[in-house]
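Here's the letter readout for the chains.
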Amino acid sequence: MGAMTPRVRADYKSASRILALLTLLLSSACAGPNLTNVPRVPLAELAQGKLGPELHNGLTPPFVLQVHTGDQLPIELILDSRLAKLDATQVTLTATRNFYVLFQSDGPPLLSEDGSDFSSRDKNAFRLGLRVQKGRPAALEVGLRIRADDAP
C-alpha cells in the first residue's frame, strides 16, 4: 500500500499543474483579444491605395483598421438579381468620430472607440423592410445601427 502513495501524489501534482495551466489559459482568453504586434492600418492610407511594407501582400487578419473623424469610405451596394437592378450603387460613409475595427481570423470584426477596448458590446442592428406611408412613395429601407447615441 505504501508504494501507491507516491504515485497518487505525483498524479495529484500533475493534475493540479494542468488545472492551473487551463485556468490561466481560460482567464487570458476571456480578457479580450491580444493586440500585441497586430498591424494598425489607417483607413485614409487604404482609401488612397497606400499600403505599408508589411501589407504589400494584402490585408490578412488580425489587423486593426483606424478610422479618423472625416475619413470617407465608399460603400458599394450590390444586388444580384434577375428581377431588379439598382440605379445608384454607391454611397459614402463619413466618420463623425474616431473608431477602430479589429479584423480577426477566428471571429467577427470588433469595434472600439479608444483603439484598445474591443470587448464592449452594444446593441447593433440590421433591418430590411418596405416603408409605406401616406403621402410618400413606398421605399425599400435598409437600416444599419452601429453604436447609436440613443442606444439603451
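The text that follows walks through the structure, step by step, so that each part is easy to find. As a convention, each chain's residues are numbered from 1 in the sequence order in which they are written. Restriction of local features to residues with pLDDT of at least 70 applies here, the model being predicted, together with a cutoff of 80 or more for giving and counting side-chain atom pairs; totals for whole chains, interfaces and linings are based on all residues. Each side-chain value is worked out from all heavy atoms of the structure, with water and hydrogens disregarded.

Secondary structure is summarised from DSSP: a helix means a run of H or I of at least four residues, a strand means a run of E of at least two, and numbering begins at the N terminus for each. When its secondary structure is counted, the chain shows two helices and eight strands. Taken from N to C terminus, the helices and strands of the chain fall in the order α-β-α-β-β-β-β-β-β-β. Buried residues are those whose accessible area, probed at 1.4 Å on protein chains only, stays under 20% of the maximum for their type, while exposed residues exceed 50% and partly exposed ones sit between those limits. Sorting the 152 residues of the chain into buried and exposed places 15% on the buried side. Any two residues having at least one pair of non-hydrogen atoms within 4.5 Å are treated as being in contact. Within the chain, residue pairs in contact and separated by at least 24 positions form 43% of the contacts whose partners lie at least 6 positions apart. For accessible areas, the Shrake-Rupley method is used with a probe of radius 1.4 Å. Any residue's cover is judged against the shown protein chains and nothing else. Just so you have it, the chain exposes about 12300 Å², and 57% of that area is on carbon and sulfur atoms.

The next subject is the packing of aromatic side chains. For any two aromatic rings, the description comes down to two numbers: the centre-to-centre distance and the angle of the planes. Stacked, tilted and edge-to-face pairs are distinguished by plane angle, under 30 degrees for stacked and over 60 for edge-to-face with tilted covering the rest, among Phe, Tyr and Trp rings (Trp via its six-membered ring) whose centres lie within 6.5 Å. In this structure the tally under the stated criterion is one aromatic pair. Considering the side-chain rings of F63 and F103, the 4.9 Å spacing of their centres and the 20° angle between planes classify their relative orientation as stacked. With F63 in strand β2 (residues 63–67) and F103 in strand β5 (residues 99–103), the pair connects residues that are 40 residues apart, well separated along the chain.

Now for the side chain of D71. Its place among the elements puts D71 in the loop between β2 and β3 (72–76). Polar contacts here mean pairs of N or O atoms no more than 3.5 Å apart (in protein, one a potential hydrogen donor and the other a potential acceptor; neighbouring residues in sequence count only if both atoms are side-chain atoms). Among the polar contacts made by the side chain of D71, one reaches the main-chain amide nitrogen of H68 at a distance of 2.8 Å. Discounting residues that sit within four places of it in the chain, D71 has contacts with L43, A44, Q66, L93, T94 and A95.

Here we take up the sheet that holds β2. Judged by pairing direction, the sheet is mixed, and its four strands sit side by side in the order β1-β2-β5-β6 without closing on themselves. Two strands lie at the open edges of the sheet, namely β1 (40–42) and β6 (110–112), each paired on one side alone. In this sheet, adjacent strand axes meet at a mean angle of 25° when their direction is disregarded. Here, strands pair whenever DSSP counts at least two bridges between them. Between N-to-C directions, angles cover 0 to 180 degrees, with each direction set by a line fitted to C-alpha atoms, over the stretch in contact for helices.

Most often, soluble globular proteins keep nonpolar side chains buried together rather than apart. Counting seven residues, the largest nonpolar core consists of V41, L43, F63, L65, V67, A95 and V101. Here this core takes three residues from β2, the largest share from any one element. Other than its neighbours up to four places away in sequence, F63 contacts V38, P39, V41, V101, L102 and F103. Formed by six residues, the second largest nonpolar core is a distinct cluster that contains V38, Y100, L102 and L110. Residues grouped as a nonpolar core are buried Ala, Val, Leu, Ile, Met, Phe, Trp, Tyr and Cys residues, joined through side-chain atoms within 4.5 Å.

Now for the pattern of salt bridges. Note on definitions: salt bridges are taken to be side-chain nitrogens of Lys or Arg within 4 Å of carboxyl oxygens of Asp or Glu. Summed over all chains, the structure comprises five salt bridges. With its nearest N and O atoms 3.4 Å apart, the salt bridge here joins R147 to E113. Of the two residues, R147 is situated in the segment after β8 (139–145) and E113 in the loop between β6 and β7 (125–131); the sequence distance between them amounts to 34 residues. You can call R147 buried: its relative accessible area is 18%. When its relative accessible area of 43% is taken as the criterion, E113 is described as partly exposed. In this structure, the salt-bridge partner of R131 is E141, at a minimum N-O distance of 3.7 Å. Within this pair, whereas R131 is found in strand β7, its partner E141 is found in strand β8, the two being separated by 10 residues in sequence. The network of salt bridges with common partners includes R97, E113, D122 and R147.

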